[in-house]
Amino acid sequence: MRERHRGAGPAAIAENASARNEASSPLGVEVSEPMIGQDTFTVRCTFDERVVATGTRQRITKISMCTVEGDWIVREEAFFYSAPGAPGPGTVTALTPL
């Protein structure tokens, strides 16, 4: 069984974003209100960051669809998007299990 962790809000999200891509420096994060279902919720996070190598600023949006059991998030499906032509990964849709 995997170890479980509890986050600490926007600061934890920004820390995770930084760990996701060490080549960029986080400048900020915007977090939407969650859309809540019976045993799921969805939240949108937009990360503002600077690419260290070029100094270029970029915004990447992550949509997380989470499944909850009890007080725990047991699954996260994450979809990433950056504007076409923006530096970084381009338009990306990725599915990553928690």
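Everything numeric in this text was worked out from a predicted model, so none of it was measured. (Residues numbered from 1 in each chain as written. Predicted model: local features only at pLDDT ≥ 70, side-chain atom pairs only at ≥ 80, totals over all residues. Heavy atoms only, no water.)

Draft legend 1. Representation of the overall build of the chain. Helix and strand counts for the chain stand at one helix and five strands. Going from the N terminus to the C terminus, the chain shows its helices and strands as α-β-β-β-β-β. Put simply, 30% of the contacts in the chain that link residues at least 6 apart link residues at least 24 apart. A total accessible area of about 6700 Å² is found for the chain, and carbon and sulfur atoms account for 54% of it. (Helix = DSSP H or I, 4+ residues; strand = E, 2+ residues; numbered from the N terminus. Contact = heavy atoms within 4.5 Å. Areas by Shrake-Rupley, 256 points an atom, 1.4 Å probe, with all protein chains shown as cover.)

Draft legend 2. Highlighting the pairing of strand S4 (residues 57-69). Where strand S3 (residues 40-51) lies against S4, 11 bridges are found, and the strand directions are antiparallel. Within S4, the position partnered with Thr46 by the bridge is Thr61. Counting the residues in the hairpin turn of S3 and S4 gives five residues, including Gly55, whose phi is positive at 80 degrees. Where S4 and strand S5 (residues 72-82) come together, 10 bridges link them in antiparallel fashion. Bridge assignment links Thr61 to a residue of S5, and that residue is Tyr81. Between S4 and the antiparallel strand that follows it, S5, lie two residues; Gly70 among them carries a positive phi value of about 65 degrees. (Pairing = 2+ DSSP bridges.)

Draft legend 3. Layout of the environment of Glu69. By the element assignment, Glu69 lies in strand S4. It is 8.9 Å that separates the C-alpha atoms of Glu69 and Thr40, two residues lying 29 residues apart in sequence.

Draft legend 4. Focus on the side chain of Asp48. Of note, Asp48 is situated in strand S3. For Asp48, a relative accessible area of 11% gives the class buried. Within the local environment of Asp48, its side chain forms a polar contact with the side chain of Arg57, the two groups lying 2.4 Å apart. Those residues in contact with Asp48, other than ones at most four positions away along the chain, are Ser25, Pro26, Leu27, Gly28, Arg57, Gln58 and Arg59. (Buried < 20%, exposed > 50% of the residue type's maximum accessible area, 1.4 Å probe, protein only. Polar contact = N/O pair within 3.5 Å; in protein donor to acceptor, adjacent residues only side chain to side chain.)

Draft legend 5. The side chain of Glu76, seen in detail. Within the secondary structure, Glu76 sits in strand S5. Residue classification places Glu76 among the buried positions, given a relative accessible area of 14%. Separated by 3.1 Å, the side chains of Glu76 and Lys62 make a polar contact. One polar contact links Glu76 to Ser64, side chain to side chain, over a distance of 2.6 Å.

Draft legend 6. Spotlight on the environment of Arg44. By the element assignment, Arg44 lies in strand S3. Sequence spacing of Arg44 and Ala78 is 34 residues, and the spatial spacing of their C-alpha atoms is 9.7 Å. If we ignore the near neighbours within four places in the chain, the residues touching Arg44 are Glu30, Val31, Ser32, Thr61, Lys62 and Ile63.

The analysis is restricted to geometry; functional conclusions fall outside its scope.
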